[in-house]
Amino acid sequence: MHIDPAEKRWAILTLVVAFSMMGVLAGYAINDNINPPSNVETIDSTRLHLTREFNEDNLGVHQQKDGSIRVVMVAARYGFFPNHLVVPADTPVTFRIASADVLHGVHTPNTNMNTMVVPGYVSEVTTTFPHPGDYSMLCNEYCGLGHDFMWSRLKVVPADQFKVGG
Ligand code: CUA
């Protein structure tokens with residue numbers, strides 16, 4: 001089979017570009033500790049308030065016996081509840097987030113905290129924030145007219161200054 005040399009060059013160039021892009025993506029994923037979602041857990045989004053975990057009184061930051069942090073949140077048009085969280089730095093933080101209505105997302109810029117919140121499922125992400133400071137959690141899935149205003153505050157404090165609710 002005859003392949004025109006020009007066609008061969010372009011085919012090779014295309015493959016080189018495609019593989020370099022894959023390399024860049026893999027590099028970012030490894031460097032920034034980006035992982036695909038792994039938690040598959042269903043929940044009835046219309047009855048969150050009746051569950052033990054996602055009822056209003058249980059939302060927020062909980063410290064576990066081993067010192068790790070568990071954050072229970074509800075995403076609903078147009079906010080995250082609670083909308084202000086304080087967590088310690090250098091400590092594993094597990095977010096458990098459920099949507100009460102439509103598809104939302106949670107993204108905290110400059111960290112690897114980023115997940116979709118799909119109605120009917122519990123999104124779970126465990127991460128550690130190395131740098132104390134003020135962060136925001138932004139909804140990154142278009143969820144309606146108020147989408148641009150759907151965000152909350154996340155304050156990361158040095159671990160020795162942390163206390164639940166503080
Ligand atoms: Cu919630 Cu966009």
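So, here's what we can say about the structure. Everything numeric here is computed off the predicted structure, so don't read it as measured data. (Residues numbered from 1 in each chain as written. Predicted model: local features only at pLDDT ≥ 70, side-chain atom pairs only at ≥ 80, totals over all residues. Heavy atoms only, no water.)

1. Here's the deal with the overall build of the protein
Counting its secondary structure elements, the protein contains one helix and ten strands. Seen in sequence order, the protein has helices and strands lined up from the N terminus as α-β-β-β-β-β-β-β-β-β-β. When its C-alpha atoms are laid out on the principal axes, the protein stretches across 70 × 40 × 30 Å. The buried share of the protein, taken over its 166 residues, is 35%. For the protein, the accessible surface area stands at approximately 10,600 Å², while carbon and sulfur atoms represent 57% of it. With 11 positive and 16 negative side-chain charges, the protein shows a spacing of 3 Å between the two charge centroids. (Helix = DSSP H or I, 4+ residues; strand = E, 2+ residues; numbered from the N terminus. Buried < 20%, exposed > 50% of the residue type's maximum accessible area, 1.4 Å probe, protein only. Areas by Shrake-Rupley, 256 points an atom, 1.4 Å probe, with all protein chains shown as cover. Lys, Arg positive; Asp, Glu negative; His and termini not counted. Charge placed at Lys NZ, Arg CZ, Asp CG, Glu CD.)

2. Here we look at the layout of surface pockets
Volume-wise, the largest pocket comes out at about 590 Å³. Taken together, 23 residues make up the lining of the largest pocket; nearest its centre are N35, P37, N114, T115 and V125. Counting residues per element, the lining of the largest pocket draws most heavily on strand β8 (residues 122–128), which supplies seven residues. Residue composition of the lining of the largest pocket, grouped by class: nine nonpolar, 13 polar and one charged. Domain assignment of the residues forming the lining of the largest pocket places at least three in each of domain 1 (1–35) and domain 2 (41–161). (1 Å grid on protein atoms, 1.4 Å probe; cavity = no way out; pocket = protein on both sides within 12 Å on 5 of 7 lines; lining within 4 Å. Points joined across faces, edges and corners; volume = space filled by probe spheres on them. Nonpolar A, V, L, I, M, F, W, Y, C, P; charged D, E, K, R; others polar. Domains from an automatic or database assignment.)

3. So, helix α1 (residues 5–31)
Taking 1.5 Å as the rise per residue, α1 with 27 residues should run 39 Å; its terminal C-alpha atoms sit 38 Å apart, in good agreement. With a side-chain oxygen lying 3.0 Å from the backbone nitrogen of A6, the N-terminal cap of α1 falls on D4. After α1 finishes, the residue N33 shows a positive phi value of roughly 55°. (Expected span 1.5 Å × (residues − 1). Polar contact = N/O pair within 3.5 Å; in protein donor to acceptor, adjacent residues only side chain to side chain.)

4. Focus on the pairing of strand β4 (residues 84–88)
With four of five residues buried, β4 is to be regarded as a mostly interior element. In terms of strand pairing, β4 meets strand β10 (residues 151–157) through five bridges, oriented parallel. Bridge assignment links L85 to a residue of β10, and that residue is L154. (Pairing = 2+ DSSP bridges.)

5. Things to note about a nonpolar patch on the surface
Taken together, the side chains of W10, L13, V17 and M21 present a nonpolar region at the surface, about 440 Å² in accessible area. By the secondary structure assignment, W10 is in helix α1. (Patch = residues over 30% accessible without salt bridge, like charges linked within 9 Å, V, L, I, M, F, W, Y side chains within 5 Å. Salt bridge = Lys/Arg side-chain N within 4 Å of Asp/Glu carboxyl O.)

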